[in-house]
Number of protein chains: 2
Amino acid sequence: MSPAETVHVPLDGGRAYDILVGRGLLAGIGPRVAELGARAVAVVSDTTVAGLYGEAVLGSLREAGLRAGLVTVAPGEGSKSYATLAAVCDGLLAERIERRDLVLALGGGVVGDLAGFAAAILRRGVRFVQAPTSLLAQVDSSVGGKTGINSPHGKNLVGAFHQPVLVLADTATLDSLTPREMRAGYAEVAKYGLIDDPAFFAWCEARFGEIFAGGPARETAVAACCRAKAGVVVRDEREDGERALLNLGHTFAHALERLTNYDSARLVHGEAVAIGLALAFRFSARLGLCPGQEAGRVANHLALAGLPTTLRAVPGGCGDADSLLDAMRQDKKVRDGALTFILARGIGRSFIAPGIDPGEVRAFLADELERDPRS
Amino acid sequence: MSPAETVHVPLDGGRAYDILVGRGLLAGIGPRVAELGARAVAVVSDTTVAGLYGEAVLGSLREAGLRAGLVTVAPGEGSKSYATLAAVCDGLLAERIERRDLVLALGGGVVGDLAGFAAAILRRGVRFVQAPTSLLAQVDSSVGGKTGINSPHGKNLVGAFHQPVLVLADTATLDSLTPREMRAGYAEVAKYGLIDDPAFFAWCEARFGEIFAGGPARETAVAACCRAKAGVVVRDEREDGERALLNLGHTFAHALERLTNYDSARLVHGEAVAIGLALAFRFSARLGLCPGQEAGRVANHLALAGLPTTLRAVPGGCGDADSLLDAMRQDKKVRDGALTFILARGIGRSFIAPGIDPGEVRAFLADELERDPRS
Ligand SMILES: NC(=O)c1ccc[n+]([C@@H]2O[C@H](COP(=O)([O-])OP(=O)(O)OC[C@H]3O[C@@H](n4cnc5c(N)ncnc54)[C@H](O)[C@@H]3O)[C@@H](O)[C@H]2O)c1
Ligand SMILES: NC(=O)c1ccc[n+]([C@@H]2O[C@H](COP(=O)([O-])OP(=O)(O)OC[C@H]3O[C@@H](n4cnc5c(N)ncnc54)[C@H](O)[C@@H]3O)[C@@H](O)[C@H]2O)c1
Ligand SMILES: [Zn+2]
Ligand SMILES: [Zn+2]
């Protein structure tokens, strides 16, 4: 099956690679991986995704003449740990993966981050392929080469930049995703429009139903997001500048995730991002940077997609303004007490705003905590 | 104090750095590190080395205006483990090391490999400085950017290429090294002459007493080794070719370490290397590649330095020819059953020899096992 869309990522130093986006691609993964010239492939997956797609992928790889084995981890963020990393590395070694062989990450962002990191450090670096199966992974985490695990000191604090040699996003796999995970991933889709592509945001407003339902707009949206993220990454691989825009909504989101103890029963990342996006626009409006009706349009659309957009929508609450501010200060983007936000002059007009006065943020959060959770 | 010798390592991509070699350099480490523009430094060391030099280093760093903390691990190869890596990463995070800050490895090769790897993956990469305190670390492990830990599946199987921003080799620290560790490091010194520098080997034969005693030849030797290794690394950073020559003697050595269960009471790496070097030359002579008297001269010199040069010198023995051959097959440089050795046409005339017949090796080893341990 030929992919509906191909996004080329022109990284330097022989690291250029393709992102293939299409329905049913997993069935033909074997020949595509065989082309990369490995002898053996270790598929890393979580038990949920392995149960759904593991056999098909292993079968396709073996049919293409590759030695293929499976290394599984428990589903969920808890697997981005030192202990699971060690287990994955040892699992890859038990599968006799050598320098020229391949690691294939089959799953959501957790599996991609974990398997990508294991590939980065196994024998000081083996190649890896991403086969993202969650919407979040297809539009965000599988692109850009950031890999890693969490430390007790915080999320993603240990890891490597390691680019995949191929990304294969089979959009049919999203059919088995829970509606909640689908919505969460959709927050990141909308984010790309909000960052710098007002036309894409308008298109999302018109077509998001089709993305959820599985029509051709799904491939278009996934490819558009990959193209947007790949563009940023090629221009700023190590996040010295522009790449920070991808964190639109994320300073708020990370604080909310921290204050809900990363308990996905209460809040998953994409939900936190949806609230964060709405907050970033309302904060921009409050600072007089962005028209109020643009902020309203952002929140409206996210709410239509079933996403939360207010602090009071956080199940179990998220603490007071001071706890929120404190949690924000612990975010990686906070330096020497000064707060850096990604703000916006309107939909598709985001920018990096360093040196934001913490007092302003505090007052804004206090007001937000009074806001009706449904508005 | 100005260094006796400076070796510049001209790596590309803004990664060039200097190796400073001199007696007493640690006393002035603060200003040199401060020049690198960090705000905070975490010193990683083992408890032995920290006990000897930790206070002096921390004091010098703090006097230079840097925030400095100490993270220690137990001495010995056992610290190159997943668990200790996690502890070091968390220790660095507890010391609030950020992207622009520095990790300083103060110790032997174990600390350098471990701390360098932790620096490579902390926040996806922070800069690190090597302050090697063993002879092996000064002439070998601190140069070249290979970092890593061991897996239950084998040595150095998990790691990263991560170049230091500065190497500071204080040759006075070698005065507190045990004679055995000093001799072990010396095996690697002699190796550089054997690889491609017959004049350096001859110089070693004449001056090795001064290297051990701490005269000016010590700095000359350390700098010469760093220059040799840096040259190879710059030409072949990822060991696609020439860098393999640095493994002269090491296929044998790794097999011996494996067969003595990495028990340093029986054999330390440098002792295994000494035996490996002698074997590589005798095997070359047996294959008619190298004059027998050159092989004799190699073994003689190593023996004069107090190093073992025969299989029967391994305390507790090392198994029979088949176990040795088996252990060699497990070495990283063995691919698809064919054996690759580094052999020599004479002192300073080593070369990569792929496709060596395992039968030849077996017969050679069987004869070696009959050899008098003192010849
Ligand atoms: N590397 C990056 O640049 C980057 C960017 C954003 C997020 N992330 C990381 O991504 C992670 C979140 O990713 P995620 O939301 O995909 O989480 P996830 O990998 O935990 O997947 C969410 C859940 O969906 C299940 N699942 C995945 N695909 C499925 C499918 N096709 N059918 C049925 N169930 C499926 C998983 O088993 C899991 O239970 C976080 O750890 C985050 O830090 C990384
Ligand atoms: N990265 C590389 O390129 C590379 C190359 C060769 C070896 N290595 C690694 O290096 C390690 C061996 O290094 P090593 O021999 O330095 O071992 P080490 O770090 O264990 O040091 C040997 C012993 O000497 C002690 N010590 C170190 N400096 C001292 C000093 N100045 N005074 C008193 N005691 C001191 C240590 O506490 C330790 O007990 C191995 O793990 C090996 O894999 C790495
Ligand atoms: Zn996100
Ligand atoms: Zn060695």
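Residues numbered from 1 in each chain as written. Chains lettered and ligands numbered in written order. Predicted model: local features only at pLDDT ≥ 70, side-chain atom pairs only at ≥ 80, totals over all residues. Heavy atoms only, no water.

As named in an unreviewed UniProt entry, chain A is 3-dehydroquinate synthase, taken from Methylobacterium oryzihabitans. Check the Subcellular location (unreviewed entry) section of the UniProt entry for chain A; it says "Cytoplasm". Per UniProt, chain A carries the Catalytic activity (unreviewed entry) text "7-phospho-2-dehydro-3-deoxy-D-arabino-heptonate = 3-dehydroquinate + phosphate". (UniProt positions renumbered as here; feature names shortened; annotations may be inferred.)

Draft legend 1. Quick peek at the site of ligand 2. Residues and elements named next belong to chain B. The local shell around ligand 2 holds 25 residues, among which D46, E77, T133, S134 and S176 are the closest. Here an oxygen atom of ligand 2 sits 2.7 Å away from a polar atom, N or O, in the side chain of E77. At 2.7 Å, a side-chain N or O of S176 approaches a nitrogen atom of ligand 2. Protein contacts shield 87% of the accessible area of ligand 2, which totals 850 Å² for the unbound molecule. Residue contributions to the shell around ligand 2 peak at four residues, all from helix α2 (residues 47-63). Taken together, the residues that form the shell around ligand 2 break down as seven nonpolar, nine polar and nine charged. (Near = heavy atom within 4 Å. Polar contact = N/O pair within 3.5 Å; in protein donor to acceptor, adjacent residues only side chain to side chain. Areas by Shrake-Rupley, 256 points an atom, 1.4 Å probe, with all protein chains shown as cover. Helix = DSSP H or I, 4+ residues; strand = E, 2+ residues; numbered from the N terminus. Nonpolar A, V, L, I, M, F, W, Y, C, P; charged D, E, K, R; others polar.)

Draft legend 2. Inspection of the UniProt feature "binding site: Zn(2+)" (unreviewed entry) in chain A at higher detail. Residues and elements named next belong to chain A. Within the UniProt annotation, "binding site: Zn(2+)" (unreviewed entry) is assigned to E188, H250 and H269. Spanning 82 residues, the named residues nonetheless gather at one spot, since no C-alpha pair among them exceeds 10.3 Å. Within the element layout of this structure, E188 appears in helix α6 (residues 179-196). Ignoring anything within four residues of it in the chain, the contact list for E188 reads L136, V139, D140, H250, H269 and V273. Structurally, the position occupied by H250 is in helix α9 (residues 250-259). Accessibility expressed as a relative area gives 4% for H250, which makes it buried. Beyond its immediate sequence surroundings of up to four residues, H250 is in contact with E188, K191, H269 and V273. (Contact = heavy atoms within 4.5 Å. Buried < 20%, exposed > 50% of the residue type's maximum accessible area, 1.4 Å probe, protein only.)

Draft legend 3. Geometry of the environment of B:F208. Residue and element names in this part refer to chain B. By secondary structure assignment, the location of F208 is in helix α7 (residues 198-213). With 10 residues separating them along the chain, F208 and R218 place their C-alpha atoms 8.4 Å apart. Not counting chain neighbours up to four residues away, the residues in contact with F208 comprise Y186, H301, L304 and A305.

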